[in-house]
Amino acid sequence: MTENAAAGTSSAMTRAKPLMVLPKNGRNRTAARVKAAILRWLVRLAAFATTAVLVLLIGYILVKGIPNLKPSLFAWEYTSDNVSLVPALINTVLMTALSLLIATPLGVFAAIYLVEYAPRGSKLVKLVRLTTETLQGIPSIVYGLFGMLFFVNKLGWRLSLLSGAFTLAIMVLPLIMRTTEEALLAVPDSYREGSFGLGAGKLRTVFSIVLPSAMPGILSGVILATGRIVGETAALLYTAGSVAAVPAGKDFLFDSTRTLAVHMYLLSSEGLHVPEAYGTAVVLLVLVLGINALSSFAAKKLMKK
């Protein structure tokens, strides 16, 4: 009797439990499809807007600048009549090469130490990362003021190519360092373990296995740094000056120079040679595109190796 009563009570309680109401699969699938379609169109709209802005910007520069590309703009020496951009073009190449020559080894080797040698998660690594991220957000004019106070006045380098190059090197160093660090972190640890298993040492593993694998990411950072150097004006006005002549002689590193960006800014601000400023913008655009294309070609060659 007791067992039968208990069994009847438990079956009654089981029957008394409320049934779970399952969501309707049809409605859920329809809502998911609607959300996916909305997100897909939002992504397409963002891509179209970005492409449209880029095309309009490049088209505007080309339309306004190409008719003003006159032979006088490409004279070897600058005068107030021809406002030639050739000295500024040569100075831009020199400034970019010297800045990258200073910043790239420092940034790459610092990133190698942080990723490969420093203990992961250490306070030093966190502090350096925080510092580099902070330095990336500082306006370029602040770097220009620092360069003027330290390189120009304190060290006595005057307004010169060297002062401008060191200032720009400090400015792009955090960018190169962070992109190189991310590229090294993206290399799988299995590459390192396989190299160690074959008997290679730490240094050989880094330079023979890890660095070649991370080279496309490192070159991306160098490309971004190059673009920032080529388009910089505020920092160079305080450190390199605005003399429209190619540095020459023994102390050419201490001669004042102007880059294409500074040249274009001065022409447009004076208001006397605005058409020539548009022509200079076309040359600057072609220069940046050429540097990016060359860097991409080098990255593809390194990937094939």
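Residues numbered from 1 in each chain as written. Predicted model: local features only at pLDDT ≥ 70, side-chain atom pairs only at ≥ 80, totals over all residues. Heavy atoms only, no water.

## A look at the overall build of the protein chain
When you go through the protein chain residue by residue, the secondary structure sums to 11 helices and 0 strands. Counting from the amino terminus, helix and strand elements in the protein chain follow one another as α-α-α-α-α-α-α-α-α-α-α. Each principal axis of the C-alpha atoms in the protein chain carries an extent, and together these give about 115 × 55 × 40 Å. By residue count, 35% of the 305 residues in the protein chain fall in the buried class. Partitioning the intrachain contacts of the protein chain with sequence separation of at least 6 by distance along the chain shows that 73% fall at a separation of at least 24. As displayed, the protein chain has an accessible area near 18300 Å², and 69% of this comes from carbon and sulfur atoms. (Helix = DSSP H or I, 4+ residues; strand = E, 2+ residues; numbered from the N terminus. Buried < 20%, exposed > 50% of the residue type's maximum accessible area, 1.4 Å probe, protein only. Contact = heavy atoms within 4.5 Å. Areas by Shrake-Rupley, 256 points an atom, 1.4 Å probe, with all protein chains shown as cover.)

## Brief notes about the side chain of Thr 257
In this structure, Thr 257 sits in the loop between α9 (234-239) and α10 (260-270). If we skip the residues at most four places from it in the chain, Thr 257 touches Asn 91, Met 95, Leu 161, Ala 240, Gly 241, Ser 242, Val 243, Ala 245 and Pro 247.

## Digging into the packing of aromatic side chains
For the coordinates displayed, the defined rule picks out 8 aromatic pairs. Aromatic side chains Phe 109 and Phe 207 sit 6.5 Å apart centroid to centroid with 55 degrees between the ring planes, which places their arrangement in the tilted category. Residue Phe 109 is located in helix α3 (residues 86-117), and its partner Phe 207 is located in helix α8 (residues 202-230); the two are separated by 98 residues in the primary sequence. The class of Phe 109 is partly exposed, set by a relative accessible area of 48%. The class for Phe 207 is partly exposed, based on a relative accessible area of 41%. Three or more aromatic residues joined by ring pairs form one cluster here, namely Phe 146, Phe 150, Phe 151, Trp 157 and Phe 166. Of note, Arg 44 hangs over the ring of Trp 41, and the distance from its end group to the ring centre comes to 4.9 Å. The ring of Tyr 117 carries the charged tip of Lys 202 above its face, separated from the ring centre by 5.7 Å. (Phe/Tyr/Trp six-rings, centres within 6.5 Å; stacked < 30°, edge-to-face > 60°. Lys NZ or Arg CZ within 6 Å of the ring centre and 35° of its normal.)

## A word on the nonpolar core
If you look at the biggest cluster of nonpolar residues, it comprises 25 residues, and the most contacted ones within it are Met 95 and Leu 168. Of all the secondary-structure elements, those providing two or more residues to this core are α3, α5 (140-154), α6 (161-185), α8, α9 and α10. Of all the elements, α6 adds the most residues to this core, at 9 residues. Counting 12 residues, the second largest nonpolar core, distinct from the first, contains Val 206, Val 210, Ala 214 and Ile 218. (Core = buried A, V, L, I, M, F, W, Y, C linked by side-chain atoms within 4.5 Å.)

## With respect to α8
With 29 residues, α8 ought to run about 42 Å at 1.5 Å a step, yet its terminal C-alpha atoms sit only 37 Å apart, falling short of that. Met 215 marks where α8 bends most, by close to 55 degrees; the proline Pro 216 follows one to four residues later. (Expected span 1.5 Å × (residues − 1). Bend = angle between axes of the 7 residues up to and from the residue.)

## Digging into unusual backbone geometry
Here the phi dihedral of Val 83 falls at roughly 40 degrees; this positive angle occurs in a residue that is not glycine. With respect to the helices and strands, the residue Val 83 is situated in the loop between α2 (25-65) and α3. Judged by relative accessible area, which is 1%, Val 83 ranks as buried. Of note in the backbone geometry, Arg 158 takes a positive phi value of approximately 60 degrees without being a glycine. Looking at the element boundaries, Arg 158 is found in the loop between α5 and α6. Residue classification places Arg 158 among the partly exposed positions, given a relative accessible area of 47%.

## Some points on the packing of α3 against α6
Two elements in contact, α3 and α6, have axes whose closest approach is 6 Å; the angle formed by their N-to-C orientations is 35 degrees. Handedness of the crossing formed by α3 with α6: right-handed. Classifying every residue of the contact of α3 with α6 by side-chain character gives 24 nonpolar, 5 polar and 1 charged. (Axes fitted to C-alpha atoms, helices over the stretch in contact; angles between N-to-C directions. Left-handed = near helix turned anticlockwise from the far one by under 90°. Nonpolar A, V, L, I, M, F, W, Y, C, P; charged D, E, K, R; others polar.)

## Focus: the confidence of the model for the protein chain
Averaged over the protein chain, the pLDDT score is 85; the fraction of residues at 70 or greater is 90%. In the model of the protein chain, helix α1 (residues 2-16) stands out as the element of lowest mean pLDDT, 48, in contrast to α5, which has the highest, 93. The low-confidence segment residues 9-14, where pLDDT is below 50, has 0 contacts with residues more than four positions distant or belonging to other chains. pLDDT under 50 marks residues 16-22. Its contacts with residues more than four places away, or in other chains, come to 0 contacts. (pLDDT = per-residue confidence, 0-100.)

## Observations concerning the pattern of salt bridges
If you walk through the whole model with that rule in mind, you get 7 salt bridges. The salt bridge partner of Arg 192 is Glu 116, with a shortest N-O separation of 2.7 Å. Residue Arg 192 is located in helix α7 (residues 189-197), and its partner Glu 116 is located in helix α3; the two are separated by 76 residues in the primary sequence. Taking relative accessible area as the criterion, Arg 192 reaches 5% and is therefore assigned buried. Within the structure, one salt-bridge network assembled from shared partners comprises Arg 129, Glu 133, Arg 178, Glu 181 and Glu 182. (Salt bridge = Lys/Arg side-chain N within 4 Å of Asp/Glu carboxyl O.)

## Considering the packing of α6 against α8
One way to put it is that α6 packs onto α8 with a least axis distance of 8 Å and a crossing angle of 150 degrees. Relative to α8, the element α6 is oriented roughly antiparallel. For the pair α6 and α8, the sense of crossing is right-handed. Of the residues in α8, those touching α6 at Leu 168, Met 171, Val 172, Leu 175, Ile 176, Thr 179, Thr 180, Ala 183 and Leu 184 are Val 210, Leu 211, Ala 214, Gly 217, Ile 218, Gly 221, Leu 224, Ala 225, Arg 228 and Ile 229. (Parallel < 35°, antiparallel > 145°, perpendicular 65-115°, else oblique.)

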